[in-house]
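Close look at the chain arrangement
In case you want the letters, here they are:
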Amino acid sequence: MQRPQPLADFLACLAASLKAAAEPGSPTALAVDRAFDRLATPGTAATPRPDRAPATQWLAPAFAAAKRGAVAPDRGAAANLASAFAAIAPGLAWQARTDRRSSDPNFPNAHANAVIVGAGGLEERSDVRIGASLLAPHTEYPDHSHPPEEVYIALSSGMWRQNDGPWRAPGPGGLIYNPPNIVHAMLSDAAPLLAIWTLPMSAPSTRPTGQAHG
Ligand SMILES: [Fe+2]
C-alpha cells in the first residue's frame, strides 16, 4: 500500500525535522527511530470526518507565524514541516478533549487536538500515534500523563513543563521528550501554540477515537 502523497510528504518532513533536532543516541532520538522504523510500513488509509473545534480559529495564525519562522536558517526544517502540516490539517478531526481537568472555564474553546496517524487519523494503526495540539493564546493545557513515551516538536512559541519543574520554551523546531508516565503540561504565550506529538506505542491505545492527545 502507498500513502497518499500529502501524508507521505508530512511524515517525511516530520522525520527530517525530528532527526535534525534530536541529539544522536539520546532518548529522544531513540524514540523517533522506534516510531519511524514502524512507519516504514504504511498502515490502512482512512478518512476522518473533519471536525473544527472552536480553537481551530487559531490554526491560520499559527501556520502564518510558523511560515514566517522560515527566515531563521536553523529552523528551516520546521517551517517546511508547518507547510506540509497545513496541507493535511483541514482534513483532520480537530476536537477538544473532555477529560482534562482545567481551572480555565474557557479551556474547551481554547484547545483542540487532532490525530494524524493512529485511530481517528488519516492512517489507522496501533503501533504509532502522531497528532497535533493547538492552544489559543494564554492557555494552559493542564498536567497529564500517559504510558507511552512522547516526543513533541514545537511549531510555535510556547512552553512545556514536566512535573514541578520550570517551564521551558523549545522554540519553533525545538523538541520536548516525555519519558513514559511523566506528568507534563503546555502553556501558550500571546501567540497560539502549535505542536506535533509522536508516540511509539508499547501497546495498542485504549483511547476512544476523538480523545486525541497522546
Ligand atoms: Fe502528552
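Structure: see above.
Thresholds, definitions, all that
Residues numbered from 1 in each chain as written. Predicted model: local features only at pLDDT ≥ 70, side-chain atom pairs only at ≥ 80, totals over all residues. Heavy atoms only, no water. Axes fitted to C-alpha atoms, helices over the stretch in contact; angles between N-to-C directions. Helix = DSSP H or I, 4+ residues; strand = E, 2+ residues; numbered from the N terminus. Parallel < 35°, antiparallel > 145°, perpendicular 65-115°, else oblique. Left-handed = near helix turned anticlockwise from the far one by under 90°. Contact = heavy atoms within 4.5 Å. Nonpolar A, V, L, I, M, F, W, Y, C, P; charged D, E, K, R; others polar. Phe/Tyr/Trp six-rings, centres within 6.5 Å; stacked < 30°, edge-to-face > 60°. Buried < 20%, exposed > 50% of the residue type's maximum accessible area, 1.4 Å probe, protein only.

In this section: the packing of helix α1 (residues 5–21) against helix α2 (residues 27–39). Two elements in contact, α1 and α2, have axes whose closest approach is 10 Å; the angle formed by their N-to-C orientations is 160°. Judged on the interaxial angle alone, α2 and α1 are roughly antiparallel. Note on packing geometry: the crossing formed by α1 with α2 is left-handed. Residues L11, L14, A15, L18 and K19 of α1 lie in contact with α2, whose contacting residues are V32, D33 and F36. Per-class residue counts for the contact of α1 with α2 are six nonpolar, no polar and two charged.

Here we come to the packing of aromatic side chains. For the coordinates displayed, the defined rule picks out five aromatic pairs. Residues F85 and W94 carry aromatic rings whose centres are separated by 6.1 Å and whose planes lie at 50° to one another, so their mutual orientation is tilted. We note that F85, like W94, is buried. One aromatic cluster is present, built from ring pairs that chain together F10, F63, F85 and W94.

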